2 protein chains.
Amino acid sequence: MMADDMGWGDPAYNGNPVSKTPNLDKMAAEGIVFNRFYASSPVCSPTRGSCITGRHPYRYGIFFANVGHMRKEEITLAEALKTKGYVTGHFGKWHLGTLTKIEKDANRGGPEDTADYSPPWENGFDVCFSTESKVPTWNPMITPPKTAGGVRNRIPGEPYGTAYWTGPGHKATENLEGDDSRIIMDRVIPFIKKAIKSHKPFLAVVWFHTPHLPVLTGDKYKNMYKGQSVDIQNFYGAITAMDEQIGRLRNYLKEHGLYNNTVMFFTSDNGPEGKAREGRTQGSTKGLKGRKRSLYEGGIRVPGLMTWPALIKSRKTTDIPFSTLDYYPTVLDILGFTMPDQPEPIDGISMLPFIKGNIKERQVPIGFESKKQVAFMNNRYKIYSPDQGQHFELYDIINDPQETTDISTEHPDIVKELSAELSRWRESCKRSLEYSDYKQDF
Amino acid sequence: MMADDMGWGDPAYNGNPVSKTPNLDKMAAEGIVFNRFYASSPVCSPTRGSCITGRHPYRYGIFFANVGHMRKEEITLAEALKTKGYVTGHFGKWHLGTLTKIEKDANRGGPEDTADYSPPWENGFDVCFSTESKVPTWNPMITPPKTAGGVRNRIPGEPYGTAYWTGPGHKATENLEGDDSRIIMDRVIPFIKKAIKSHKPFLAVVWFHTPHLPVLTGDKYKNMYKGQSVDIQNFYGAITAMDEQIGRLRNYLKEHGLYNNTVMFFTSDNGPEGKAREGRTQGSTKGLKGRKRSLYEGGIRVPGLMTWPALIKSRKTTDIPFSTLDYYPTVLDILGFTMPDQPEPIDGISMLPFIKGNIKERQVPIGFESKKQVAFMNNRYKIYSPDQGQHFELYDIINDPQETTDISTEHPDIVKELSAELSRWRESCKRSLEYSDYKQDF
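Residues numbered from 1 in each chain as written. Chains lettered and ligands numbered in written order. Predicted model: local features only at pLDDT ≥ 70, side-chain atom pairs only at ≥ 80, totals over all residues. Heavy atoms only, no water.

### Quick look at the environment of H212 of chain B
All names here are of chain B. Relative to the assigned elements, H212 resides in the loop between β8 (202-207) and α5 (219-222). By relative accessible area, which is 10% here, H212 ends up buried. Counting along the chain gives 207 residues from H212 to D5, while the straight-line C-alpha distance between them is 5.4 Å. Among residues more than four places away in sequence, those in contact with H212 are D4, D5, K93, K134, T137 and K292. (Helix = DSSP H or I, 4+ residues; strand = E, 2+ residues; numbered from the N terminus. Buried < 20%, exposed > 50% of the residue type's maximum accessible area, 1.4 Å probe, protein only. Contact = heavy atoms within 4.5 Å.)

### Here we look at the pattern of salt bridges
Residues and elements named next belong to chain A. Enumeration over the complete set of coordinates arrives at 56 salt bridges over all chains. The salt bridge partner of R59 is D347, with a shortest N-O separation of 2.7 Å. On the criterion of sequence distance, the pair formed by R59 in the loop between α2 (44-53) and α3 (77-82) and D347 in the loop between α8 (327-335) and α9 (352-355) is long-range, its members being 288 residues apart. Both residues of the pair, R59 and D347, belong to the buried class. A salt bridge links E273 to K292; the nearest nitrogen and oxygen atoms lie 3.7 Å apart. Residue E273 is found in the loop between β9 (264-268) and α7 (297-300), and its partner K292 is found in the loop between β9 and α7; the two are separated by 19 residues along the sequence. (Salt bridge = Lys/Arg side-chain N within 4 Å of Asp/Glu carboxyl O.)

### So, the interface of chain A and chain B
Across the contact, 29 residues belong to chain A and 29 residues belong to chain B. Each partner contributes to the roughly 2600 Å² buried at the junction of chain A and chain B, and carbon and sulfur atoms together form 49% of this total. At the boundary of chain A with chain B, the tally comes to four salt bridges. Where E427 of chain B meets R426 of chain A, a salt bridge forms, and the shortest distance between an N and an O atom there is 3.9 Å. Counting across the interface, chain A meets chain B through five residue pairs in polar contact (both at pLDDT 80 or more). With five residues, helix α10 (residues 412-433) of chain A is the single largest residue contributor to the side of chain A that touches chain B. Residues belonging to the side of chain A that touches chain B are distributed by class as follows: nine nonpolar, five polar and 15 charged. (Buried area = accessible area lost by both parts, 1.4 Å probe. Polar contact = N/O pair within 3.5 Å; in protein donor to acceptor, adjacent residues only side chain to side chain. Nonpolar A, V, L, I, M, F, W, Y, C, P; charged D, E, K, R; others polar.)

### A look at the sheet that holds strand β16 (residues 381-385) of chain A
Residue and element names in this part refer to chain A. A sheet is described by the order of its strands in space; here four strands give the open sequence β14-β15-β16-β17, paired in antiparallel fashion. Two strands lie at the open edges of the sheet, namely β14 (366-370) and β17 (393-396), each paired on one side alone. Neighbour-to-neighbour, the strand axes of the sheet open up by a mean angle of 15°, direction not taken into account. The pairing of strand β15 (residues 373-377) with β16 spans four bridges and is antiparallel. Across the sheet, residue F376 finds its bridge partner in β16, namely I383. In the packing of α10 onto the sheet, contacts are made with β14, β15, β16 and β17, and the angle to β15 comes to roughly 115°. (Pairing = 2+ DSSP bridges. Axes fitted to C-alpha atoms, helices over the stretch in contact; angles between N-to-C directions.)

### Some remarks on empty space enclosed by the protein
A complete count under the given rule lists three cavities of 30 Å³ or more for this structure. Empty space within the largest cavity amounts to approximately 340 Å³. Taken together, the residues of the lining of the largest cavity break down into 10 nonpolar, six polar and 10 charged. (1 Å grid on protein atoms, 1.4 Å probe; cavity = no way out; pocket = protein on both sides within 12 Å on 5 of 7 lines; lining within 4 Å. Points joined across faces, edges and corners; volume = space filled by probe spheres on them.)

### A short note on helix α4 (residues 180-197) of chain B
Residue and element names in this part refer to chain B. Its 18 residues give α4 an end-to-end C-alpha distance of 27 Å, which sits within 8% of 26 Å, the value for a rise of 1.5 Å per residue. Of the residues making up α4, those classed as buried are D180, S181, I183, I184, M185, R187, V188, I189, F191, I192 and A195. Close packing links the buried residues of α4 with β4 (87-93), β5 (127-131), β8 and α6 (230-255). Directly after α4, the chain includes H199, whose backbone phi takes a positive value near 55°. (Expected span 1.5 Å × (residues − 1).)

### A few points about the packing of aromatic side chains
The tally for this structure, following the rule as stated, stands at 39 aromatic pairs over all chains. Between the aromatic rings of Y58 of chain B and F63 of chain B, the centroid separation amounts to 4.9 Å while the plane-to-plane angle is 85°, which identifies the pairing as edge-to-face. Neither residue differs from the other here; Y58 of chain B and F63 of chain B are each classed as buried. On the basis of an interplanar angle of 75° and a centroid distance of 6.2 Å, the ring pair of Y296 of chain B and Y395 of chain B is categorised as edge-to-face. Pair noted here: Y296 of chain B is in the loop between β9 (264-268) and α7 (297-300) and Y395 of chain B is in strand β17 (residues 393-396), with a separation of 99 residues, a long-range link. Among the aromatic residues, those joined into a cluster by ring pairs are F34, F37, F265, F322, Y327 and F354 of chain A. One residue, K286 of chain B, lies across the ring of W8 of chain B, its end atom 5.0 Å from the ring centre. (Phe/Tyr/Trp six-rings, centres within 6.5 Å; stacked < 30°, edge-to-face > 60°. Lys NZ or Arg CZ within 6 Å of the ring centre and 35° of its normal.)

Dropping the structure here:
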């Protein structure tokens with residue numbers, strides 16, 4: 001499960017004084033709370049790609065939001081799990097390619113952009129209920145008032161210009177009113193129900209649109225924030241509505257005896273919307289520097305939760321850095337298999353040794369790149385460059401998570417070592433981008 | 001006009017003792033002979049992209065043969081000239097994207113590779129008669145004997161598994177027997193005839209398959225090389241057959257009073273096939289180091305001819321380096337216009353100032369990159385790296401075109417300066433690849 005543009009400081013379990021997220025709080029009380037969980041990218045599409053491939057999106061050309069597409073040569077988590085008999089579903093925001101070649105849809109769909117056509121059903125998902133990109137968080141098919149934020153060139157009350165696609169040429173036409181997270185979960189639950197009925201294991205990738213702009217919600221949720229500004233009522237109201245659906249899913253799994261042995265992850269695709277914190281862009285980084293689009297901590301450190309009662313018996317927190325890159329290798333490690341012809345390298349690592357208590361530090365650094373920014377982070381230190389590696393800042397993230405003090409001049413040796421590793425990693429990404437990782441007959 | 005895998009030493013005008021290319025020789029006698037003409041890449045697809053965009057193919061993700069596709073955001077020469085009332089045609093090998101989403105065709109076409117669908121008719125060409133990639137140079141729709149080279153997994157005499165496409169879903173079905181260059185020219189001439197009839201200027205991009213493997217020809221052309229080996233008979237016979245069609249085109253233009261004011265270019269997409277010079281891989285680099293796939297001179301220095309009797313009154317040779325990147329800016333400069341929303345930077349330069357006698361040196365270096373090799377070349381010096389810029393060799397190309405003597409240790413200053421420029425150019429390509437050059441609303 002992934003929220004959209006939810007900041008590290010937004011869930012109540014992480015100290016937000018305003019938000020109400022009782023179900024995320026329950027996950028936090030029962031599972032692992034990652035104090036340093038990182039979105040692979042500070043924007044939407046690339047992080048999503050990392051979740052289902054374990055590979056940095058610069059390896060396959062998803063550099064930014066609305067850019068590139070999931071290459072057919074990449075192996076997705078859904079494709080991998082299908083080889084083990086899983087049924088697979090994608091629900092919510094896709095943003096890894098266009099979903100139609102016929103009509104203009106969302107940011108890129110339609111006859112103008114057939115090159116980026118790469119829908120869930122061509123990437124291993126048996127079932128989907130997916131939008132190309134963003135939709136309003138309440139009445140997702142209808143253009144909301146401009147106060148909801150991010151509304152351009154459309155008239156409130158008219159169609160928003162996008163669709164939930166369920167297959168090639170197939171759009172959902174019913175049950176599209178009200179809370180978008182509920183609309184999504186209304187498709188997830190029947191998918192799981194069907195999996196149970198057919199005695200099959202399942203993978204459900206649930207990528208909520210909340211709280212990305214346009215963000216608004218219904219009275220029920222706004223009323224839970226009485227006394228706050230209208231913007232806060234809508235922003236955190238939408239988050240609470242999403243949280244309610246997470247609770248609904250948890251309860252469903254419990255009622256059907258699946259909870260104990262289901263691995264659940266929750267995170268966000270990047271930090272909160274990067275504009276000044278005003279109007280509807282209420283998301284909080286909890287004091288971290290930078291917001292969405294930045295490789296400072298505020299842009300990439302996001303909520304990170306994992307529950308799996310069969311193995312994780314009680315609450316556990318960690319300062320070891322983990323990443324959305326780690327989902328793919330973790331799931332394959334849990335199931336104990338590797339994919340033939342796996343494009344390599346995989347940037348993520350399995351979390352399983354950590355979950356079993358066998359590691360105390362991350363052995364493999366995490367590389368970041370977005371537009372002109374690059375960053376590279378090991379267990380303690382992070383180098384950051386605003387200009388593609390011409391100049392570096394150095395931060396001790398353990399002792400200075402706010403990145404207040406650049407210590408690059410005190411520790412040129414650390415900068416040198418990390419920047420050399422970063423260079424090698426960037427060259428490796430470049431080779432991947434140039435199709436070196438695929439076994440092809442040219 | 002472009003040959004395929006024809007080496008710098010293959011045409012008779014350039015000193016080849018065996019080959020018969022009377023029509024290329026006539027072009028050489030009447031126009032400009034470029035002694036240093038460079039294919040932008042040492043392999044097929046990227047060079048083709050450079051010809052019609054003026055931009056290095058790493059900017060838009062065509063890294064190698066059968067990789068990537070012409071992005072819709074790029075402006076092609078055909079798209080540019082259409083804005084000036086030109087009719088535009090593409091004839092021969094395309095190799096800049098797949099031509100069908102329906103059936104398996106050539107290397108990549110069909111339902112498996114819709115992401116790379118980018119046919120001539122979606123890139124500004126009104127008319128086309130185009131193959132996705134290679135075909136045999138004689139009876140192009142039929143699998144030749146294995147001795148023709150490059151024949152795998154097919155049975156001689158059966159269909160070769162590819163088609164000449166003339167539009168979406170439309171394949172040519174007639175007049176596909178015999179010499180492939182004649183088959184192509186049989187479509188070019190009527191295209192020009194129609195342009196004349198409708199009083200419109202025209203752009204004809206003619207990309208022959210000759211002498212790429214599988215290479216073979218008919219008895220008429222083989223007999224012209226009696227006494228030579230069967231391999232030479234076929235290889236140079238096919239080149240002579242192509243040359244004959246170039247003569248046919250020249251004659252047609254002369255007969256219709258168009259020759260004087262038609263700009264004609266001839267080149268090859270890269271050096272000769274890179275395997276050992278045996279069997280059907282007869283192409284000659286005239287002693288230059290390296291062959292196809294190499295950034296040494298043998299892989300990228302190719303025949304370069306230009307005729308334009310209205311402006312170029314007599315034979316002229318030059319040692320100034322020019323490139324396939326220069327076609328686009330040259331043609332736009334000749335016609336005196338620029339494209340609105342032109343993706344920039346353009347790597348090529350206009351040849352017009354040189355043609356008019358106003359420059360004696362190339363002011364803008366030429367950058368090369370292919371797989372792990374990078375190179376950067378100014379008027380006299382060339383740096384070459386086999387490992388993406390970790391180590392550099394330096395050659396004085398004017399005095400040592402064979403690249404026998406690496407002078408990097410004698411001239412560290414030149415290496416330093418050129419490698420710094422190369423780094424900046426590579427970063428610029430990377431930014432382009434990440435969609436920075438397009439005016440898009442994300």
